[in-house]
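# Coordinate analysis (summary)
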Amino acid sequence: MLVRVMALTLLRDRGALFLMLVLPGTIYLLFAAIFSSTSAGQVELRLGLASQPPAPKVEAAMAAALTGDIRRFDDVEALRMAVTEGSLDAGLVLRGALTDTTAPPFAILVDPGKGMAAAVLEGQVRRALASAAPEAMLARQVNALSAIIGPLSPAQQIRLDASGDMTGRGSEGLTVTQPVGGEGRTDRAVIYYAGAIAGMFLLFSATSSAVSLIDERNSGILDRFAAGPGGIDVVVLGKALFLTAQGSVQATIVFAAASLIHGVPVLAHPLQWGAVTLLLAAAAAGFSLAVAAACTTRAQAQTLATFVVLVASAIGGSMVPRFLMPGWLRDLGSVTPNAWAIDLYHGLLTHDEPIWSQPVPLAALAALALGGTMTALVLSRRRMLL
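Residues numbered from 1 in each chain as written. Predicted model: local features only at pLDDT ≥ 70, side-chain atom pairs only at ≥ 80, totals over all residues. Heavy atoms only, no water.

Take the overall build of the protein next. When helices and strands are counted, the protein shows 16 helices and five strands. Expressed as a percentage of the 386 residues in the protein, the buried residues total 46%. Within the protein, contacts between residues separated by at least 24 positions form 74% of all contacts whose residues are at least 6 apart in sequence. Summed over its atoms, the accessible surface of the protein is roughly 18,600 Å², and 66% of this surface lies on carbon and sulfur atoms. (Helix = DSSP H or I, 4+ residues; strand = E, 2+ residues; numbered from the N terminus. Buried < 20%, exposed > 50% of the residue type's maximum accessible area, 1.4 Å probe, protein only. Contact = heavy atoms within 4.5 Å. Areas by Shrake-Rupley, 256 points an atom, 1.4 Å probe, with all protein chains shown as cover.)

Right, let's talk about the sheet that holds strand β5 (residues 175-179) for a bit. Spatial strand order, β2-β1-β3-β4-β5: five strands in an open sheet with mixed pairing. Edge positions in the sheet fall to β2 (69-72) and β5, since each of these pairs with one other strand and no more. Between one strand and the next, the sheet's axes are offset by a mean angle of 25°, whatever the strand orientation. Strand direction decides the pairing type here: strand β3 (residues 90-94) and strand β4 (residues 106-110), joined by five bridges, are antiparallel. When the sheet's bridge partners are listed, A90 is paired in β4 with V110. Those strands touched by helix α4 (residues 76-85) are β1 (46-51), β3, β4 and β5, and its axis lies near 160° from that of β3. (Pairing = 2+ DSSP bridges. Axes fitted to C-alpha atoms, helices over the stretch in contact; angles between N-to-C directions.)

Moving on to the packing of helix α13 (residues 298-316) against helix α15 (residues 337-351). For any two helices packed against each other, one specifies the crossing angle of their axes together with the interaxial distance. Two elements in contact, α13 and α15, have axes separated by 7 Å at closest approach and are oriented at 45°. Judged on the interaxial angle alone, α15 and α13 are oblique. Taking contact as the criterion, the partners of A312, S313 and G316 in α13 are, on α15, N338, A339 and I342. (Parallel < 35°, antiparallel > 145°, perpendicular 65-115°, else oblique.)

If you walk through the whole model with that rule in mind, you get three aromatic pairs. Between Y192 and Y193, the aromatic rings sit 5.0 Å apart at their centres with planes inclined by 80°, giving edge-to-face as the arrangement. Ring plane angle 75° and centroid distance 5.6 Å describe the contact between F255 and W273, whose orientation is recorded as edge-to-face. Placement of F255 in helix α11 (residues 232-262) and of W273 in helix α12 (residues 270-294) is noted, with a sequence separation of 18 residues between them. (Phe/Tyr/Trp six-rings, centres within 6.5 Å; stacked < 30°, edge-to-face > 60°.)

Let us look at unusual backbone geometry. Non-glycine residue D352 carries a positive phi angle of around 55°. Along the chain, D352 turns up in the loop between α15 and α16 (359-385).

Turning next to the environment of L237. Note that L237 resides in helix α11. Taking relative accessible area as the criterion, L237 reaches 43% and is therefore assigned partly exposed. For the pair formed by L237 and L377, sequence separation is 140 residues and the distance between their alpha carbons is 8.0 Å.

We now examine the environment of I70. Within the element layout of this structure, I70 appears in strand β2. Separated by 22 residues in sequence, I70 and G48 have C-alpha atoms that sit 5.7 Å apart.

All right, on to the pattern of salt bridges then. All chains considered together, the criterion is met by six salt bridges. Note that E77 is salt-bridged to R80, the shortest N-O span being 3.7 Å. Within this pair, E77 and its partner R80 are both found in helix α4, separated by three residues, close to a single helical turn. For E77, a relative accessible area of 48% translates into the label partly exposed. Assessed through its relative accessible area of 26%, R80 is described here as partly exposed. In this structure, E216 and K239 form a salt bridge, with 3.2 Å as the shortest nitrogen-oxygen distance. In this pair, E216 is assigned in helix α9 (residues 212-219) and K239 in helix α11, connecting sequence segments 23 residues apart. Look at K239 and you get buried, because its relative accessible area is 16%. Within the structure, one salt-bridge network assembled from shared partners comprises R46, D89 and R330. (Salt bridge = Lys/Arg side-chain N within 4 Å of Asp/Glu carboxyl O.)

Have a look at this one:
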């Protein structure tokens, strides 16, 4: 009997039933899209290429062989600055002849917080040169051996010239990784995940608290408030204020732990960090109240909020760094509050960029906070009139 009652309750709540069935498959498809491309070595990095001195033929060959969004730079310092600012995931610099064994001919420029991007790029460089310039790779290996055993004899040189299978040879010591902009600073991965976890946690926490609006509406408590001088607006705005304060405290706890244990420089920009935290908490409150006002049952609100927050966290960078995602998924994730919060926190605490230098995520969080709260006000007023 109990099972039958619970089943009928779920079947009658079509919204909760639909989301319950759709959510697992959607999350699976998202993670499958992310990790299938990563495991296959097809990560679509945003890369920059430069050479010093110029070597247009090698640059052209590398640009054709590498995967991802490739940009060419005439100035190595401009490439370094682009990687430092985060507009590129990594940079590749040709520093000398491929056959020179005295030093690695390629330098990989990478943000210390994106160490995986350097490993992916190194693998792509080896594969690209093995197919695009096998003769140079074999000559590099021969030069390295000649320095130890002496020059080749005429017979050995003939056999070398006749060699046909060169793939994969001479790839040792091709690259050296050079971190950019991270000397003497906190591990950027720690800073990244402080913002990522704060964004995801505030969204989950706010939605969990906001569903009390539905309970109060169904129990008749809101009717009593609606009869007062402030009407239903007092309830919605009061909840928005409380959820904003609650989220700000929770984010403060996350960053306090990051600062005390890992040395994240929160106190270097206390006012700007506080502004981002307040906006993020207000955005989470606005979103959660809009969901609670739009749904008729607690099950609908919780399932819808869980669906949206999980998807936003998955594609917004809270679970997996966005540079590892396919290009279309990375673009889709750029319109989530998780991505906006990560960009603002990372830019401020990693690059000392003032928050107003990133007007898009700043305005987007403010719009979500204001728009979500106004939506909750309008929907709550309408429900009081029904």
